[in-house]
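# Residue-level structural notes
Here are the chains, one letter per residue:
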Amino acid sequence: MPLTPNENDVILGRGKLISAHPGNVRFRTIVSGKKETYNQSTDIKAKRKIAISVIEEIESLNPPGRFLIDTSGEKVSRFDEGLWVSVEREKAIEKALHRLREKKTAKNNEQPKDARHEDSKSNEKPINCKSSSTSLTTTREVISATGTGQISQPKTFDQKLLERKRSKSPNNEGKTEIILPIRGDPFGEGKSAPTNSYPTCSCQDNSCNSESSNSFIKPTQTLEHNLSMQFNPPLNSTTENISLIDDNSFDVELDAFISRQLNNDFDVHKQEKLTLDQWIDRSRPKGDSDLMNYIRSALLIALKLTDCLIRSKSIAKDDSHSIDIIPLEAIKTANVIITMAKGDSANEGQTITGFALDQKCNTTTVDCQKYDLEPKHPGQKILSVDFSTPAYAYPSLGSASSCLMALGGIMYELFSKGDRFELGSMTLNTRSVNELRLSFDEQSDDGSISTGQRSKKSTPCPGDDRFAHLIMRLGNIGIPHPVINLVENLLNSSLGEFSGDDVYRSLDDVRVDLQLMIDDPSRYLDSSIIEVNQTLSISDEMYGREEEIARLRDAYNRFCDGVCNGALILGEGGVGKSTFAMNAKKFTIAANGYFVSGKFDRNATRPFMVIGDVFNSMCDLFAADIQSIEQERKMAEALTKSLGRDAFLIANIVPNLSNLMPLYTSCESSSFDAASRTRYLLLTLLDTLSKLSKSITILLDDLQWIDPASLTFCRALFQSTKSNKNVFLVLCSRESEVQTQDKSEVHDWLQSLSGSTLETIHLTNLNPEDVNNLVSDSLRTWPRLTRSLSAILHGKSLGNPFFLRQTMEMLCRGGYLHYSLGERKWKWDLDEISDLRLDDNVVSLLTREMTKLPDELLVGLKAASCIGNFIPYSIVGILSKHLGLDLDAIFRSLVQRSYLTDNDSTRFRFAHDRIHQAAYTMMSKKQQRDDHMKIGLAICRYVLEYNENDYDMMFIGVNQLNQGGPDALSDERQHFTIAQLNLKAGQRALALTDFPSAFSFFDHGIKFLRPDYWKIHYQLSLTLFSAAVESACALSDATHVTSFTEVVLKHSQCLEDRLAVLYFAVKSLKKAKRLLACRDGILRVLEQMGEDTFNVLATPPAEDIHNTNDLLTSTMTDDFFIHMCQCSQKSFIFLMRFYHELVYVYYVIDPTRIFGISLRMVVLTFQNGLTDTSSLAFAYYGMEVTAKGNLMIGNRLGTIALRLSENSKYISNVIAVVKQYISWVSEPFHAIAESNLVGFHAGNRIGDEFSSSLNYYLHTTTCFLCGKNLSVLKEVCSAEIVRLIENKHKWFVPSFSMLYWVIAELIDGSDFQSTNHNPLIPCEQSIVTIPANAMHGSLELFLDICKLMRSLFFRRDMDKCVSVLDRIMAACQLRPLTIIGVFFEGLISFEMARKASDSMKWISNGEIALTFMKKWESSKWNFENKIKLLEAERMRSLGFFDLATKLYQEAILSSEKHKFVHEHAISLEMQGLFFVSRKFNDDAKISLEKSVKFHKTWGANAVAKRIETYVTKHLT
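Residues numbered from 1 in each chain as written. Predicted model: local features only at pLDDT ≥ 70, side-chain atom pairs only at ≥ 80, totals over all residues. Heavy atoms only, no water.

## Some thoughts on the overall build of the protein
- Looking only at helices and strands, one finds 65 helices and 22 strands in the protein.
- A total of 1516 residues make up the protein; the buried ones form 55% of that total.
- When the accessible surface of the protein is split by element, carbon and sulfur atoms take 50% of a total near 65,700 Å². (Helix = DSSP H or I, 4+ residues; strand = E, 2+ residues; numbered from the N terminus. Buried < 20%, exposed > 50% of the residue type's maximum accessible area, 1.4 Å probe, protein only. Areas by Shrake-Rupley, 256 points an atom, 1.4 Å probe, with all protein chains shown as cover.)

See the structure below:
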């Protein structure tokens, strides 16, 4: 039911109301005190413990703090509104972790606005400024101060702009005013911030400390509306000048402004100003070794010059008459001014002190964060670059092309190291620039050139010869070709429509290209090396995945904090899932973790191949990290403790485990379900390793090809990561492939993961811009030049990265893309490429390209495609000899052509599975079968001749034979050999617990048998069919079980040959829950084996009962029974197994028959000796005699059963039976609950999932009966229900669900179904309405007992409860829950006797319950308090009040002594109600208040509230 927040609660949500809540304030204070410890910790578990300690501190307050959330969905204005519920503990931990991770931000807006303004005035102090901070020094003043006399130039653009802004300030005399370039700049309106808002200098001689000048920025109220965005200075920013600020240039301008202001703080004697010619003379390289350093510095100057012109154009748009624009006449080398840092100042100029603008406050705060002003190269000594602008009588702005050409002239002189820019014999001036501009060259609004429809072809321009000698000059002196192209395209920009496609159209394009050369010189600057055979090298960089990579990084960070289990990466084929997933490796290595990966294959050659490879790699990593003998010893001890001798069972899958621990070959291999046992051991290995070390990341790729056995393991692996916080799981799958019918199980599982603790990331095709980036990088060509080509490629490939790369390679091979050695760049013809008809899917495209390969390579490629996605080196030589080809050389040629890869040192692999698919589909079906058979025969012949135990090679060979099929065989004699090989491979797969692969091998082996196989090869046929039935049964494949069983029954020669298939046939019926058919089948087999089933079931022989009991009560020791001889007779072993299956069937449909069956099993054991099911025989019979009251025999049988099961695969089943149906008489319920937990783990270890789940259910219900905390049990039930449903083990889901709802009501009351619950949990109504014919007796009885409990706890509908007394007293099996059912019915009966008219009937019913309970009074721990309470209720009903008073007190003391907290609470409540009836209100109130306390301790808050309401109403 909804809660009311108290002062200590932490409210989850947003808004001022929630933020100001006292509990939230306290929560933030507690978090603040623990942040330092949290940040210093590097261990995931330690960080999680810190978060838990925060929650525990909140919960320890008085009243206890809770984490609440409003579920009403409406906005609330008060805390008494809304529907407040407590969040799950994991959610609270995540909240605490989020707060602990939160970075500290500047929040200065907690004071009112007016108060801030007053503070800024009152706290204002004069600042002493040693340098030039009292005024913004002009260029002329700086030069005078230096005394160098190097420059006497007109004021620069930057200086004039600053003066202009200063002059607009209304009151600036004698005061320093710093102008902040802020978005929405008030300067644009001719305004400035008030001068008294800024610090002023109090010294007249500038003799103060210069360090204080760094604090020139102060918070001011007038900046409120301007500080609306947080400033993040770009690392590549190179702008040094300030201009009128617009939205697009804000960040760059602000960065430049701060840089200039701080540069003013440098000692002017450490700065010097040079003309460009002076800089060239000073920086001219002395040799080729210095050339690249010179070029990179020159590029930085070129970039800064371009920025100046861009800003000038921006000003000209707003005010064409402004004095601050740069006229065309000024764009020449003589007017370029460079400010340099001398000596140590060069280093000072590399970084500046930045400041941040808080989005939520109206202040500018100075911090000490450093950021790079420019990339680190020699040009960092350059502080600024600007134009001096002399006064011109008639200044001209010029066209875009004129500016570009003028800039090209400057850059020519810059990169030619001072060579004058001349056009022929004439020096180029402004007039010549304007003359070169053609009349139809129009300028667009953005300053770029519009020349109408551009040609799709890159044609040479007619005016190229005009600048040919200049371009040649640059080439002769060793300038990189990209720089030459840059200069050439700038100069040619004046040629209008004849200029070609490569020329520049705007200054922005120039800036982008310059920045690319600076940022990525290896691709855009140093890419001019001439190669004789220039080949296309497509970039392998990830494009357009920044957001997805950030999400994956965030998922890993949350994993480090313990709130995320991994990532699920989905997408179509070719979108780059595998490459993207490898980012997880980078994050893992950066966090000092282990990374292992596996990739599933469509044609897997070995069972559990991928899972085995993953665990082998993991073992290798751990072994490599062992640094000492002590570490090695501890590792071995931990693994031996967790795996024991069972480690040998997974050695076939993980042979490298022997590097970490000793493996005992004498291990008992008996298991109930080998596959389940293997899964448990592998997960135990992972859990142990993850606890011994750093975190582990597991990547499983191409899940669309996963085999059924590995899929089952992956389900269990994902479940284990929920509790194992040291494993980060990354799953990749192709979406379209898993949506087919044969992959529906994989699809359903992946769909179920979408809302889980895995971060789901969908990768899609690239957009046109990302495609252009890829094409530009691959061709090492400016992005502006590849955009048209990229648009065509995007349309043909739909942006699929793999399809795009294959298309580009095809175009290159076809000559549509070619490298021009003369022009040193890639060239293409857009018309030809646009008209080219490409296949609409990548497989067709690849197939067509493969047909162009040389015949020898094509044969090798087809052979490789038959083998699978990878080709081990070990079989290359074998096939080379058989096919008469040098496959090693062929495969390496295919590697060079990017069809295969050889990154792995043990095998070749197809570069992509689409390439494999294309190569395979080139062959006809017949050719495919023939090639498979040839390859398979060659490999199997080698195995049989040289190494029959090379199972990996055998699996490859047999798989090839099976894909070829019987029809591909030409020699009839080979059928028998191939059938034998399939039998051997299947048996090996069974040893690896891969039942799907095993069944496939057996099935193929049967298909290779000839029509008369039963006559010629009877034993091989019988073995193959029997093994196939066993595998099909394990896979729940009832169809094949039935069909193969019928064949065996038809052809088998004797009953003993049929027993195995009959046994698995009845097991298959049991697994399908066809219990009546299963019963009939077992009875028929037993009768065929000579058993008198009628007497066994109906009237067990009295002589057998007498003789058995006598033997068990004789002086024979337990060791006598335990060490009886073992029977090895096959028919007797199966006889006992059939009886065991019959016990299971009758337990569900008619438990009264179990006595005769169990007796017969014990008699047969005494007569013939022990088998694997003998322990169950003793356990079943002990269960029956205990229920009949023969406690001594029952206890002895239980002891014998437990000892016999120690090395049996039925140990979990035996523990469940003995502890729940026998030991409860002599052991405390608390001990029984722990024993069932042992049984749960034992079941997991041997693979008995049914018995394991049964034990866990019994453990949970017994904990409930012991009074364990209800909140904990509720979480346990929820988690187990989800696990059972996800693993498709639904036998105990109804029982767990009913217990869950009972607990939920005890906690939350009548509104328990309205609170948050996992949607997978079946609702209570769906459980109670299960048809009677579909509900087994134990479930029906459990539901009725639950009704009794709820009626008593909530004092409702007591007269409507269904009696369980008769059924329990007549039952042949008794366990704690049924005994408690009698106890609750007795209490209700005595309560009703005091209310109903037919009181004697109810008293009689209560006395029957009391009598039944007294049968077990020897177990005082379990039943003393219950019997005392029933007697007290009886005395009260009969009017013996004094005796009742005494018995109530004894019941209370006994329940406290024996640790039944809930029964302690019940006894106190009943005592209190008794006192109320006797008018002892004070005593009643004390008892009832104590009852409330213990109900709350138990967790039954709803019951406690009911009692509190009663006390308030009747006793206050």
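## Points about helix 2 (residues 22-40)
- With 19 residues, helix 2 should reach 27 Å at 1.5 Å per residue; the first-to-last C-alpha distance of 28 Å fits that figure.
- Residue Lys34 marks the point of greatest curvature in helix 2, where the axis turns by about 45 degrees.
- Here the buried face of helix 2 lies against strand 1 (10-12), helix 1 (16-19), helix 3 (44-59), strand 2 (67-70) and helix 4 (89-101). (Expected span 1.5 Å × (residues − 1). Bend = angle between axes of the 7 residues up to and from the residue. Contact = heavy atoms within 4.5 Å.)

## Quick notes on the pattern of salt bridges
- Overall, the coordinates contain 52 salt bridges when judged by the stated rule.
- The shortest N-O distance in the salt bridge between Lys852 and Glu849 comes to 3.1 Å.
- For Glu849, a relative accessible area of 5% translates into the label buried.
- Across the salt bridge formed by Lys1219 and Glu1227, the nearest N and O atoms sit 3.0 Å from each other.
- For Lys1219, a relative accessible area of 12% corresponds to the buried category.
- What you see here is one network of salt bridges that share partners, running through Arg1355, Glu1391, Arg1394, Lys1395, Glu1433, Glu1469 and Arg1506. (Salt bridge = Lys/Arg side-chain N within 4 Å of Asp/Glu carboxyl O.)

## Some remarks on the sheet that holds strand 20 (residues 870-872)
- On the basis of which strands lie adjacent, the open sheet formed by 3 strands has the order 20-22-21 and antiparallel pairing. Strand pairing shows two members of the sheet lacking a second neighbour, strand 20 and strand 21 (900-901), which therefore form its edges.
- As defined by bridge partners, strand 20 adjoins strand 22 (residues 907-910) across 3 bridges and the pair is classed as antiparallel. Counted as the bridge partner of Pro872 is Arg907 from strand 22.
- With respect to the sheet, helix 32 (residues 873-883) is in contact with strand 20 and strand 22, its orientation differing from that of strand 20 by roughly 80 degrees. (Pairing = 2+ DSSP bridges. Axes fitted to C-alpha atoms, helices over the stretch in contact; angles between N-to-C directions.)

## Here we look at the packing of aromatic side chains
- For the structure shown, the criterion picks out 48 aromatic pairs.
- Relative to Phe908, the ring of Phe891 lies with its centre 5.4 Å away and its plane at 65 degrees, an arrangement referred to as edge-to-face. Linking Phe891 in helix 33 (residues 887-896) with Phe908 in strand 22, this pair joins segments that are 17 residues apart in sequence. For the pair formed by Phe891 and Phe908, the shared burial category is buried.
- Here the aromatic rings of Phe1229 and Phe1423 are separated by 5.7 Å at their centres, their planes lie at 85 degrees, and the arrangement is edge-to-face. Here Phe1229, found in helix 52 (residues 1229-1246), pairs with Phe1423, found in helix 61 (residues 1420-1438); they are 194 residues apart in sequence, far enough to count as distant.
- Clustering of aromatic rings is evident, with ring pairs tying together Tyr1144, Phe1240, Phe1250, Tyr1256, Tyr1257, Phe1292, Phe1296 and Phe1342.
- The ring of Tyr38 has Lys47 sitting right over it, with the charged end atom 4.9 Å from the ring centre.
- A cation over an aromatic ring shows up here: Lys1188 above the ring of Phe1155, its NZ or CZ 5.0 Å from the ring centre. (Phe/Tyr/Trp six-rings, centres within 6.5 Å; stacked < 30°, edge-to-face > 60°. Lys NZ or Arg CZ within 6 Å of the ring centre and 35° of its normal.)

## With respect to the nonpolar core
- Judged by nonpolar contacts, the single largest core of 190 residues is most densely connected at Met618, Leu657, Ile698, Leu700, Met850, Phe891 and Phe1138.
- If near-sequence neighbours (up to four positions away) are discounted, Phe1138 is found in contact with Leu1059, Leu1062, Tyr1063, Val1066, Ile1082, Val1085, Leu1086 and Met1089.
- If you look at the next biggest cluster of nonpolar residues, it comprises 102 residues, including Leu1299, Ala1304, Ala1465 and Ala1484. (Core = buried A, V, L, I, M, F, W, Y, C linked by side-chain atoms within 4.5 Å.)

## So, helix 36 (residues 951-964)
- With 14 residues, helix 36 should reach 20 Å at 1.5 Å per residue; the first-to-last C-alpha distance of 20 Å fits that figure.
- When you tally the buried positions in helix 36, you get 11 out of 14 residues, the bulk of the element.
- What helix 36 keeps buried is the set Met953, Met954, Phe955, Ile956, Gly957, Val958, Asn959, Gln960, Leu961, Asn962 and Gly964.
- Two residues or fewer past helix 36, Gly965 is found with a positive phi of approximately 85 degrees.

## Section: unusual backbone geometry
- In this structure, the amide linkage connecting Asn62 to the following residue, Pro63, adopts the cis form with an omega of 0 degrees.
- Following the sequence through the fold, Pro63 ends up in the loop between helix 3 and strand 2.
- Positive phi values are uncommon outside glycine, yet Ser898 reaches one of about 70 degrees.
- On the secondary structure map, Ser898 appears in the loop between helix 33 and strand 21.
- In the Ramachandran plot, Lys1459 falls in the positive-phi region, its phi being about 65 degrees despite a non-glycine side chain.

## Notes on the pairing of strand 13 (residues 566-571)
- Here strand 13 lies mainly inside the structure; 6 of its 6 residues are buried.
- Residues Gly566, Leu568 and Leu570 line one face of strand 13 and the alternating positions Ala567, Ile569 and Gly571 line the opposite face, and both faces are buried.
- Two strands pair when backbone bridges link them, and strand 13 and strand 17 (residues 758-763) are joined in this way by 6 bridges, in the parallel orientation. Opposite Gly566, over in strand 17, you have Leu758 as the bridge partner.

## Description of the side chain of Asp646
- The topology assignment puts Asp646 in the loop between helix 22 (629-643) and helix 23 (674-692).
- Separated by 3.1 Å, the side chains of Asp646 and Arg677 make a polar contact. (Polar contact = N/O pair within 3.5 Å; in protein donor to acceptor, adjacent residues only side chain to side chain.)

## Brief notes about the side chain of Glu272
- With respect to the secondary-structure elements, Glu272 resides in strand 4 (residues 271-275).
- What makes Glu272 buried here is its relative accessible area of 13%.
- A polar side-chain atom of Glu272 sits 2.5 Å from a polar atom in the side chain of Arg282.

## Let's talk about the sheet that holds strand 2
- Ordered in space as 1-2-3, the 3 strands form an open sheet in which the pairing is mixed. Of all the strands in the sheet, just strand 1 and strand 3 (84-86) have a single pairing partner and so form its edges. Between one strand axis and the next, the sheet turns by 40 degrees as a mean value, whatever way the strands run.
- Inspection of the sheet shows strand 1 paired to strand 2 by 3 bridges, in the parallel sense. The partner of Val10 across the bridge, within strand 2, is Phe67.

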